[in-house]
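Structural description and commentary
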Amino acid sequence: MSTATVRPRESRDLADAATVLTAVHESDGYPVEGVEDPQAWLSPDGLLAAWVAEVDGFVVGHVAINSPQPGEEVARLWREKSGDDDSRLGVLARLFVAREARKESAGKRLMEAATAFARERNLRLVLEVLTKDAAAIRLYERLGWQRIGETVHTFGGKQVDAVCFVAPA
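Our subject in this report is the structure included herewith. Since we're looking at a predicted model, the values are computed, not measured.

1. Quick look at the side chain of Asp84
With respect to the helices and strands, the residue Asp84 is situated in the loop between helix 3 (73–82) and strand 4 (89–97). The exposure class of Asp84 is buried, given its relative accessible area of 16%. A distance of 3.2 Å separates a polar atom in the side chain of Asp84 from a polar atom in the side chain of Trp78. Ignoring any residue separated from it by four or fewer positions in sequence, one finds Asp84 in contact with Trp78, Arg79 and Arg124.

2. Side note on the packing of aromatic side chains
The final tally for this structure, using the stated rule, is 4 aromatic pairs. For the pair Trp51 and Phe117, a centre-to-centre distance of 5.4 Å together with 75° between the ring planes defines the contact as edge-to-face. Separated by 66 residues along the polypeptide, Trp51 in strand 2 (residues 47–55) and Phe117 in helix 4 (residues 106–120) bring together distant segments of the chain. Comparing Trp51 with Phe117, the two get one shared label, buried.

3. Quick notes on the environment of Ala93
With respect to the element layout, Ala93 can be found in strand 4. Judged by its relative accessible area of 14%, Ala93 falls in the buried class.

4. A few points about the sheet that holds strand 5 (residues 124–130)
The 7 strands are arranged 1-2-3-4-5-7-6 in an open sheet whose pairing can be described as mixed. With partners counted over all chains shown, the strands left at the sheet margins are strand 1 (5–8) and strand 6 (146–155), one partner each. Averaged over all pairs of adjacent strands, the angle between their axes in this sheet comes to 30°, without regard to strand direction. Where strand 2 lies against strand 3 (residues 58–66), 8 bridges are found, and the strand directions are antiparallel. Across the sheet, residue Ala49 finds its bridge partner in strand 3, namely Ile65. On the sheet, helix 3 packs against strand 4, strand 5, strand 6 and strand 7 (158–166) and is oriented at approximately 145° with respect to strand 6.

Reading the values: rules and limits
All residue numbers refer to position in the chain's written sequence, counted from 1. This being a predicted model, a pLDDT of at least 70 is required before a residue's local features are given, and a value of 80 or more before pairs of side-chain atoms are given or counted; all residues contribute to the totals for chains, interfaces and linings. Side-chain figures throughout are based on the complete set of non-hydrogen atoms in the structure, without hydrogens or water. Segments assigned H or I by DSSP are reported as helices when at least four residues long, segments assigned E as strands when at least two residues long, and all are numbered from the N terminus. Throughout, exposure labels follow a simple rule: accessible area from a 1.4 Å probe, protein chains only, divided by the maximum for the residue type, with under 20% read as buried, over 50% as exposed, and the rest as partly exposed. What qualifies as a polar contact is a pair of N or O atoms within 3.5 Å, subject to a donor-acceptor requirement within protein and to the restriction that residues adjacent in sequence count only when both atoms come from side chains. Should any heavy atoms of two residues lie within 4.5 Å, those residues are counted as being in contact. Each aromatic pair joins two rings of Phe, Tyr and Trp (for Trp, the six-membered one) with centres within 6.5 Å, and gets the label stacked for planes under 30 degrees apart, edge-to-face for over 60, and tilted for any other angle. At least two DSSP bridges between two strands are required for those strands to pair. Every axis corresponds to a line fitted to the C-alpha atoms, with the helix fit spanning only the stretch in contact, and the corresponding angles, defined between N-to-C directions, vary from 0 to 180 degrees.

So this is what it looks like as structure tokens:
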């Protein structure tokens, strides 16, 4: 397998990204929501930018940055800790990489693209990750993200524990 490359997501990438998302959900249980309409889940309200990772011309991963949405706990937590307002925040979301591409640095490269975008726009990135997603937590910690608190993620009448992170300054 070749090394992963990352580029801005185009509308033509949505179907392939949705297929990868569905496969990741089946293998890893991520995401816990959105798989009934993955293309819509990949294009939420407040989407600022999104990227795909490719290997040999095939989409193998995805990440997005969204503006904070009403009721979003990670944004509230960071606002309380930092005094920043929503205009200075970006929420990193919808990060996933196909199992077969995880040794190609696709996750790291997607994170680098999102971080560069945020830096250029003077946005501080925050994210929420479910505690069950240990590999994602290890990636964020390896890349220098700092834990800023814990929350409960609610979806479909269920609640699961989550950890909130902020990108390195």
